[in-house]
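The chain contents come next:
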Amino acid sequence: MNITTFSALAEPNRLGMVELLRGGPLTVGEIADHLGLRQPQASKHLRVLLEAGLVEVEAVANRRNYRLRAEPFRALDSWLDAYRRIWNERFDNLNIYLQKLQAEENKLQAGESEPKET
C-alpha cells in the first residue's frame, strides 16, 4: 500500500470523484457538475487521482472519460483486510464481555425481585 493513495483519497472532492466514478466513466464536465466544482478545479483533482494511479483516462473523440482502475482498490482492500480481522476479533471479545455483564445484571435483578425472608 502506498501513501500516495491515502493522500489522494484524503481530500473530500477527490473522494467524492471516486464515489461518482464507481458508477462508471464520466467526463470532467460531468464530474464537475455533480460535485458543484468549476471544470479547472475538477481537472486539477483528477490529475492527482491519475498521478496516484487511481483513475485512468480514455480519449473518445473530443471527450476525455475518466474511470477507476481496479488494481489500486484491490491492493487497498488487501491491506485493510489485516485490520478488519483485528477489529472483528476485538468486536467479538467486546460482545462476549457485554453478554457476561448482561447475564450478571440479569442474575442481580432476579435476586432482587424475589421476596426477602425476614
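Residues numbered from 1 in each chain as written. Predicted model: local features only at pLDDT ≥ 70, side-chain atom pairs only at ≥ 80, totals over all residues. Heavy atoms only, no water.

### Points about the packing of helix H2 (residues 12-21) against helix H4 (residues 39-51)
Then, in step 1: Direction vectors running N to C along H2 and H4 enclose 75°, while the axes themselves pass 10 Å from each other. The angle between H2 and H4 falls in the class roughly perpendicular. For the pair formed by H2 and H4, the contact residues are Asn13, Arg14, Met17 and Val18 on the first element and Ala42, His45, Leu46, Val48 and Leu49 on the second.
Then, in step 2: A class-by-class count of the residues in the contact of H2 with H4 yields 6 nonpolar, 2 polar and 1 charged. (Axes fitted to C-alpha atoms, helices over the stretch in contact; angles between N-to-C directions. Helix = DSSP H or I, 4+ residues; strand = E, 2+ residues; numbered from the N terminus. Parallel < 35°, antiparallel > 145°, perpendicular 65-115°, else oblique. Contact = heavy atoms within 4.5 Å. Nonpolar A, V, L, I, M, F, W, Y, C, P; charged D, E, K, R; others polar.)

### What to know about the domain arrangement of the chain
Then, in step 1: Each domain of the chain was delimited in the assignment, giving domain 1 (3-68) and domain 2 (70-112).
Then, in step 2: Each partner contributes residues to the interface: domain 1 has 6 residues there, and domain 2 has 5 residues.
Then, in step 3: Carbon and sulfur atoms supply 86% of the area buried between domain 1 and domain 2, which totals about 470 Å² over both sides.
Then, in step 4: Together, Phe6, Leu54 and Leu68 form the three largest contributors to the area buried by domain 1 at its contact with domain 2, with a combined 62%.
Then, in step 5: Where domain 1 meets domain 2, there are 0 salt bridges. (Domains from an automatic or database assignment. Buried area = accessible area lost by both parts, 1.4 Å probe. Salt bridge = Lys/Arg side-chain N within 4 Å of Asp/Glu carboxyl O.)

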